[in-house]
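One letter stands for each residue in the lines below.
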Amino acid sequence: MSKQLPLAAMGACCSPLAREPLTAEQAVDLARLFKAMSDPVRLRLLSLIASHDGGEACVCDLADAFDLSQPTISHHLKVLRESGLITGERRGTWVYYRVHPEVLARLSAVLVPGDAPVVTA
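Before going into details, it helps to say that this report is about the structure given with it. Keep in mind that what you see is a predicted model, and the values were worked out from it rather than measured. (Residues numbered from 1 in each chain as written. Predicted model: local features only at pLDDT ≥ 70, side-chain atom pairs only at ≥ 80, totals over all residues. Heavy atoms only, no water.)

Thoughts on the overall build of the protein
How we decide: Counting from the N terminus, the helices are the DSSP runs of H or I reaching at least four residues and the strands are the DSSP runs of E reaching at least two. For each residue, the accessible area found with a 1.4 Å probe, counting protein chains only, is set against the maximum for its type, and the residue is called buried under 20%, exposed over 50%, and partly exposed in between. We call two residues in contact when some of their heavy atoms are within 4.5 Å. Here the open area of atoms and residues is found with the Shrake-Rupley method and a 1.4 Å probe, where only the protein chains shown may cover a residue.
Along its length, the protein carries six helices and three strands. Element order for the protein, N to C, with α for helix and β for strand: α-α-α-β-α-α-β-β-α. Split into buried and exposed, the 121 residues of the protein put 32% on the buried side. Considering only contacts within the protein whose residues lie at least 6 apart along the sequence, 64% involve residues at least 24 apart. Total accessible area on the protein is roughly 7,200 Å²; 58% of this is exposed by carbon and sulfur atoms.

A look at the environment of Arg91
Applicable threshold: Under the rule applied, a polar contact is a pair of N or O atoms within 3.5 Å (in protein, one hydrogen donor and one hydrogen acceptor; residues adjacent in sequence only if both atoms are side-chain atoms).
When you line up the elements, Arg91 lands in strand S2 (residues 86-91). Excluding residues within four positions of it along the chain, Arg91 makes contact with Glu56 and Tyr96. Among the polar contacts made by the side chain of Arg91, one reaches the side chain of Glu56 at a distance of 2.9 Å.

Considering the packing of helix H2 (residues 24-37) against helix H5 (residues 70-83)
Here is the rule we go by: Axis lines are fitted to C-alpha atoms, over the contacting stretch for helices. Their N-to-C directions set the angle, which ranges from 0 to 180 degrees. Orientation categories follow fixed angle ranges, with anything under 35 degrees roughly parallel, anything over 145 roughly antiparallel, 65 to 115 roughly perpendicular, and all other angles oblique. It is the rotation of the near helix from the far one that decides the hand of a crossing: anticlockwise by less than a right angle makes it left-handed, clockwise makes it right-handed. We call Asp, Glu, Lys and Arg charged. Ala, Val, Leu, Ile, Met, Phe, Trp, Tyr, Cys and Pro are nonpolar, and the rest, Gly among them, are polar.
It is at 9 Å that the axes of H2 and H5 come closest, and there the two elements cross at 155°. In terms of orientation, H2 and H5 fall into the roughly antiparallel class. Handedness of the H2/H5 crossing: left-handed. Contacts between H2 and H5 involve Arg32, Leu33 and Ala36 on the former and, on the latter, Val79, Leu80, Glu82 and Ser83. Looking at the contact of H2 with H5 residue by residue, the class counts come to four nonpolar, one polar and two charged.

Regarding the pairing of strand S3 (residues 94-99)
For the record, the criterion: At least two bridges found by DSSP between two strands is the condition for calling them paired.
Where burial is concerned, the two faces of S3 differ: the one with Val95, Tyr97 and Val99 is buried and the one with Trp94, Tyr96 and Arg98 is not. Of the strand pairs in this sheet, strand S1 (residues 56-58) and S3 are connected by three bridges, and their pairing is antiparallel. Bridging across to S3, Glu56 finds its partner in Arg98. By the bridge criterion, six bridges tie S2 to S3 in an arrangement that is antiparallel. Bridge pairing in S3 places Thr87 opposite Arg98. Between S2 and S3, which follow one another and run antiparallel, lie two residues, and Gly92 among them has a positive phi close to 70°.

As structure tokens, this is what we get:
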């Protein structure tokens, strides 16, 4: 069973917090995504992947940026993947990761002040 938030359901949670209250379900879904990003290693991984040439990064490119073991890096990538923030594709012996920009755009839209224009992905 996937813990990933369906992208169709993300559309329902894009109203800024100041415009209307979140439902309990929206709050749970958003909290899971923000929790996945709340760890400094995961936030850096997300940034490294998103800013990498071509918008994707090989796990071999990511591991050298940290003074952590490969299993620890893999755990953090798994948390990001299960949350729906990134996706991974195996190519030979390596896994290449991409950020889901639409999920990040919807997360940022929730944080926009109520009177600011809402940007959609």
